[in-house]
Amino acid sequence: MIGVRLGVDVGQVRVGVSRSDPHGVLATPVATLARDLTAEPDAVPTDMAELKRLVSEVEAVEVVIGLPINLAGKHGPAAVHVKAYAQRLADVLAPVPVALTDERMSTVVASRRLSERGVRGKRQRAVVDQAAAVEILQSWLDAQRRRTS
């Protein structure tokens with residue numbers, strides 16, 4: 001399906017966001033959002049409201065969230081947390097679908113790539129979430145292309 005996808009890396013403090021081109025070839029960084037952990041249960045957290053705005057702005061056809069499966073292939077506390085976030089986000093974004101994809105090592109890979117480019121310390125912390133979101137979405141896009149070729 002042609003259309004822009006958003007990639008999302010959900011952390012405890014920040015949410016990294018990336019986007020694809022309409023043809024699903026290349027993921028690029030978009031933003032790092034602060035997690036809103038103070039929203040009332042019946043209110044939409046500000047990070048999710050901003051994701052909804054971004055979905056509308058770029059006319060995204062799908063949102064892909066990285067699911068942190070541990071190296072043994074198990075779902076630990078982080079995966080449970082991300083699944084809950086994804087479910088709540090799916091409710092906020094409906095009818096735009098939200099998909100989960102294995103994101104093992106995406107932050108590690110993103111950090112390594114940033115370091116290789118000379119981005120370190122505070123500068124790296126500011127963009128590592130976006131870089132991880134790019135890794136998540138690019139891996140997903142590549143897998144979709146392999147599946148259809």
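Residues numbered from 1 in each chain as written. Predicted model: local features only at pLDDT ≥ 70, side-chain atom pairs only at ≥ 80, totals over all residues. Heavy atoms only, no water.

Caption draft 1: Inspection of the side chain of S18 at higher detail. Tracing the chain through its elements places S18 in strand β2 (residues 14-20). At a separation of 2.9 Å, a polar atom in the side chain of S18 contacts the main-chain carbonyl oxygen of A133. For S18, the residues in contact, after removing those within four places along its chain, are R5, L6, G7, T28, P29, V30, A133, V134 and L137. (Helix = DSSP H or I, 4+ residues; strand = E, 2+ residues; numbered from the N terminus. Polar contact = N/O pair within 3.5 Å; in protein donor to acceptor, adjacent residues only side chain to side chain. Contact = heavy atoms within 4.5 Å.)

Caption draft 2: Representation of the pairing of strand β3 (residues 27-34) within the structure. Of the strand pairs in this sheet, β2 and β3 are connected by seven bridges, and their pairing is antiparallel. By the bridge assignment, R14 is partnered in β3 with A34. (Pairing = 2+ DSSP bridges.)

Caption draft 3: Broad picture of the nonpolar core. Grouped together as the largest cluster of nonpolar side chains are 26 residues, with contacts concentrated most on L6, L51, V63, I65 and L89. For this core, the secondary-structure elements that each account for two or more residues are β1 (5-10), β2, β3, α1 (46-58), β4 (62-67) and α2 (77-93). Top contributing element to this core by residue count: α2, with seven residues. Apart from the residues within four sequence positions on either side, V63 is in contact with L6, V8, V55, L89, L93, V96, P97, V98 and A99. In terms of nonpolar packing, the next biggest core, distinct from the first, is built from seven residues, V64, V134, L137 and W140 among them. (Core = buried A, V, L, I, M, F, W, Y, C linked by side-chain atoms within 4.5 Å. Buried < 20%, exposed > 50% of the residue type's maximum accessible area, 1.4 Å probe, protein only.)

Caption draft 4: A look at the sheet that holds β4. Reading across the sheet, the five strands line up as β3-β2-β1-β4-β5 and stay open at both edges, with mixed pairing between neighbours. At either margin of the open sheet sits one strand with a lone partner, and together these are β3 and β5 (98-102). Taking each pair of neighbouring strands and ignoring which way they run, the sheet shows an average axis angle of 25°. Taken together, the five bridges between β4 and β5 define a ladder with parallel strand orientation. When the bridges of β5 are listed, I65 appears paired with L100. Strands β1, β2, β4 and β5 of the sheet are contacted by α2, whose axis makes an angle of about 170° with β4. (Axes fitted to C-alpha atoms, helices over the stretch in contact; angles between N-to-C directions.)

Caption draft 5: Structural context of unusual backbone geometry. The omega torsion across A94 and P95 is 15°, close enough to zero to call that bond cis. Its place among the elements puts P95 in the loop between α2 and β5. One non-glycine residue, E59, lies in the positive phi region at around 55°. Of note, E59 is situated in the loop between α1 and β4.

Caption draft 6: How the structure looks around α1. Here α1 contains 13 residues, and its C-alpha end-to-end distance of 18 Å stays within 8% of the 18 Å for a straight helix at 1.5 Å per residue. Looking at α1, one finds that the buried residues are D47, M48, L51, L54, V55 and V58. Buried residues along α1 cover an arc of 115° about the axis, so they all sit on one side. The exposed set on the far side of α1, more than 90 degrees from its buried face, consists of T46, S56 and E57. (Expected span 1.5 Å × (residues − 1). Arc of directions from axis to C-beta.)

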